[in-house]
Amino acid sequence: MSVTARKLQGLRLGLAGRSIFPMPRRLGVSLSLVVLTITLCGAVLAPVIAPHDPTAQQILYRLKPPVFLAGASPSHLLGTDSLGRDMLSRLIYGARLSLLVSVTASLGACLFGTAVGLLSGRFGGWLERLLMALVDMQLSIPFILLAVTLIAVVEPGLTSIILVLIATGWPSYARVVRAETAKLNSSGFVEAAQALGQREGQILLRHILPNLLPQVIVLISMELAKFIVLESSLSFLGLGVEPSVPTWGSMAAEGREYAATHWWITTLPGIAVFAVCLSLNTLGDWLQERLDPQSA
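Per chain, residue numbering runs from 1 following the sequence as it is written. Residues qualify for local features only when their pLDDT is at least 70, as the model is predicted, and side-chain atom pairs are given and counted only at 80 or more; totals for whole chains, interfaces and linings, by contrast, use all residues. The side-chain numbers reported here are obtained from all heavy atoms of the structure, hydrogens and water having been left aside.

Colleague: Please clarify how the overall build of the protein chain should be interpreted in this entry.
Modeller: Along the backbone of the protein chain there are 11 helices and 0 strands. In this text, helices come from DSSP runs of H or I with a minimum length of four residues, and strands from runs of E with a minimum of two, each type numbered from the N-terminal end. Ordered by position from N to C terminus, the α and β elements of the protein chain give α-α-α-α-α-α-α-α-α-α-α. Across its three principal axes, the protein chain shows a C-alpha extent of roughly 75 × 55 × 30 Å. For each residue, the accessible area found with a 1.4 Å probe, counting protein chains only, is set against the maximum for its type, and the residue is called buried under 20%, exposed over 50%, and partly exposed in between. Here the protein chain holds 296 residues, and the buried ones make up 44% of them. Contacts are assigned to residue pairs that have any heavy atoms within 4.5 Å of one another. Long-range contacts, defined as pairs at least 24 residues apart, comprise 71% of the intrachain contacts of the protein chain with a sequence gap of at least 6. Surface accessibility follows the Shrake-Rupley procedure with a 1.4 Å probe radius. Residue values consider only the protein chains on display as shielding. Accessible area for the protein chain stands at about 15100 Å²; split by element, carbon and sulfur atoms hold 68% of it. Here Asp and Glu are counted as negative and Lys and Arg as positive; His is not counted, and neither are the chain ends. To locate a charge, take NZ of a lysine, CZ of an arginine, CG of an aspartate or CD of a glutamate. Charge centroids of the protein chain, computed over 21 positive and 17 negative side chains, lie 8 Å from each other.

Colleague: Sorry if this is basic, but what is going on with the nonpolar core here?
Modeller: One broad trend across soluble globular proteins is that nonpolar side chains are buried collectively. To form a nonpolar core, buried Ala, Val, Leu, Ile, Met, Phe, Trp, Tyr and Cys residues must be joined to one another through side-chain atoms within 4.5 Å. Counting residues in hydrophobic clusters, the biggest one holds 36 residues, and the most contacted among them are Leu165 and Ile208. Secondary-structure elements contributing two or more residues to this core are helix H4 (87-123), helix H5 (125-139), helix H6 (143-153), helix H7 (158-184), helix H8 (188-195) and helix H9 (200-236). Membership of the second largest hydrophobic core comes to 24 residues, among which are Ala95, Val218, Leu224 and Met251.

Colleague: Honestly, the packing of aromatic side chains in this entry has me stumped. Any pointers?
Modeller: The relation between two aromatic rings is expressed through the spacing of the ring centres and the mutual angle of the planes. Any Phe, Tyr or Trp ring, taking Trp's six-membered ring, that has another such ring centre within 6.5 Å forms a pair; planes under 30 degrees apart are called stacked, those over 60 apart edge-to-face, and the others tilted. In the structure shown here, the tally under the stated rule is 2 aromatic pairs. Between Phe112 and Trp170 the ring centres are 5.0 Å apart and the planes differ by 80°, which places this aromatic pair in the edge-to-face class. Here Phe112, found in helix H4, pairs with Trp170, found in helix H7; they are 58 residues apart in sequence, far enough to count as distant. Ring geometry for Trp263 and Trp264: centres 5.9 Å apart, planes at 80°, overall edge-to-face. Among the residues examined, Trp263 registers a relative accessible area of 34% and is labelled partly exposed. Two conditions define a charge located above a ring, namely a distance within 6 Å from the ring centre to NZ of Lys or CZ of Arg, and an angle within 35 degrees of the ring normal. Positioned above the aromatic ring of Phe236 is the side chain of Arg256, whose terminal nitrogen or guanidinium carbon lies 4.8 Å from the ring centre.

Colleague: Whenever I open this one, the layout of surface pockets confuses me. Can you help?
Modeller: One way to see where empty space is left: roll a probe the size of a water molecule over the atoms. A cavity here means a set of 1 Å grid points, computed over protein atoms only, where a 1.4 Å probe fits but cannot escape. A pocket is an open set with protein on both sides within 12 Å along at least 5 of 7 lines, and lining residues have an atom within 4 Å of a point. Grid points are joined across faces, edges and corners, and a volume is the space filled by probe spheres set on the points. Here the largest pocket is characterised by a volume of approximately 330 Å³. Taken together, 16 residues make up the lining of the largest pocket; nearest its centre are Ile38, Thr39, Leu91, Trp248 and Ala272. Here the term charged refers only to Asp, Glu, Lys and Arg, the term nonpolar to Ala, Val, Leu, Ile, Met, Phe, Trp, Tyr, Cys and Pro, and the term polar to all other amino acids, Gly among them. When grouped by side-chain class, the residues that make up the lining of the largest pocket number 14 nonpolar, 2 polar and no charged.

Colleague: For this particular structure, what's the right way to read the side chain of Ser98?
Modeller: Mapped onto the elements, Ser98 comes out in helix H4. Judged by relative accessible area, which is 1%, Ser98 ranks as buried. What qualifies as a polar contact is a pair of N or O atoms within 3.5 Å, subject to a donor-acceptor requirement within protein and to the restriction that residues adjacent in sequence count only when both atoms come from side chains. Engagement of the side chain of Ser98 in a polar contact is seen with the side chain of Glu231, the distance being 3.3 Å. With residues near it in sequence (within four places) discarded, Ser98 still touches Ile228, Glu231 and Trp248.

Colleague: It is not clear to me how the pattern of salt bridges should be interpreted in this structure. Could you clarify?
Modeller: Pairs may arise between side chains of opposite charge once their charged atoms sit close together. Each reported salt bridge corresponds to a side-chain nitrogen of Lys or Arg within 4 Å of a carboxyl oxygen of Asp or Glu. As enumerated under the stated definition, the model contains 9 salt bridges in all. The partner of Arg122 in a salt bridge is Glu200, with the nearest N and O atoms 2.8 Å apart. Note that Arg122 is positioned in helix H4 and Glu200 in helix H9, a separation of 78 residues in sequence. Ionic contacts of the salt-bridge type, sharing partners, join the residues Asp81, Arg85, Arg90 and Glu254 into one network.

Colleague: Just checking my understanding: could you explain a nonpolar patch on the surface for this structure?
Modeller: Residues Leu40, Val44, Leu45, Val48 and Ile49 make up a contiguous nonpolar surface patch of roughly 480 Å² in combined accessible area. Contributing elements (two or more residues each) for the nonpolar patch: helix H2 (23-44) and helix H3 (46-49). Examined against the element boundaries, Leu45 turns out to sit in the loop between H2 and H3. Given a relative accessible area of 42%, Leu45 falls into the partly exposed group. Like-charged residues are merged into a patch within 9 Å and nonpolar side chains (Val, Leu, Ile, Met, Phe, Trp, Tyr) within 5 Å, provided each residue has over 30% relative accessible area and no salt bridge.

Colleague: I tried to follow H6 on my own but got confused; where do I start?
Modeller: Residues spaced three or four apart along an α-helix face the same direction, because each turn holds 3.6 residues. All of the buried residues along H6 are Phe143, Leu146, Ala147 and Ile151. Around the axis of H6, the buried residues are gathered within 120° of arc, so they sit on the same side. Exposed positions of H6 whose direction lies more than 90 degrees from the buried face are Leu145, Ala152 and Val153. By arc we mean the arc of the directions from the helix axis to the C-beta atoms, nothing more.

Colleague: Looking at this structure, I do not really get the environment of Gln57. What am I missing?
Modeller: Assignment of secondary structure puts Gln57 in the loop between H3 and H4. Contact partners of Gln57, with chain neighbours within four places excluded, come to Leu83 and Arg85.

Colleague: Sorry if this is basic, but what is going on with the packing of H4 against H5 here?
Modeller: Helix-helix packing is described using two parameters, namely the angle between the two axes and the distance between the axes. Angles run from 0 to 180 degrees between N-to-C directions of axes, and those axes are lines fitted to C-alpha atoms, restricted for helices to the stretch in contact. The interhelical angle for the contact between H4 and H5, taken along N-to-C directions, is 145°, at an axis separation of 7 Å. Of the two possible hands of crossing, H4 and H5 adopt the one that is left-handed. Counting all contacts with H4, which are made through Val116, Leu119, Ser120 and Phe123, the residues of H5 involved are Gly125, Leu127, Glu128, Leu131 and Met132. The residue inventory of the contact of H4 with H5, partitioned by class, reads 6 nonpolar, 2 polar and 1 charged. In a left-handed crossing the near helix is turned counterclockwise from the far helix by less than a right angle, and in a right-handed crossing that turn is clockwise.

Given below as structure tokens:
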């Protein structure tokens with residue numbers, strides 16, 4: 001019986017007589033799914049549901065508060081920024097870019113880091129020492145220094161941000177996959193595959209990798225939240241995409257000088273980042289307990 005089958009069997013036994021999660025935990029997971037669903041739908045359908053052009057400037061409506069405050073404009077539900085641009089529309093389009101960057105970077109980091117972890121954990125020896133030395137070397141470089149260096153080499157833009165995040169995120173996958181692969185090397189089904197004369201590539205892809213999917217899926221959910229924060233940080237510092245493109249980080253940066261009097265310009269994108277990242281982390285914890293009952 002494979003490791004995944006044993007985990008699923010243990011999960012069924014745990015579900016037989018009781019519920020895994022108490023009501024508050026299940027409510028948190030449900031709310032997280034609602035937040036993520038709304039964010040995803042908003043990002044995909046942004047051109048349809050956004051009430052205004054996110055880049056259109058209306059100076060006569062600048063610095064209008066949200067509708068629940070005095071002096072608000074009914075046509076701008078969440079108010080406007082210093083150039084009269086609609087905050088709700090910019091939040092919706094900002095979700096599109098944040099999800100695009102984080103998902104793309106997570107997949108890239110996952111593919112590269114998983115490959116490094118599989119090779120080092122399976123073969124060991126000098127190859128493992130070399131690859132883990134690369135991991136330690138990358139982790140020793142501060143994120144901001146790495147970001148500034150790569151953006152200086154590759155011109156600022158969406159591609160450079162994704163490359164920075166991939167270079168930052170792949171060591172996490174490499175370490176987790178390497179540790180789990182080293183454990184699976186002595187498993188009965190791996191030894192049986194070796195005895196049957198299967199090649200190393202077949203053993204890695206058909207026997208070891210499928211048993212690593214639960215850990216990789218959980219790690220992806222955690223890395224998505226981290227990448228959203230990092231992308232927002234780069235945009236806040238002016239190292240992200242073009243200023244004309246609405247992002248949550250650049251929106252917060254533009255509202256810094258108005259934070260004391262027009263708080264919504266900075267606060268609303270900050271709430272969006274917080275809500276999405278908290279939802280992803282909550283969902284990641286839930287997935288970890290569902291896919292690995294022994295961790296509960």
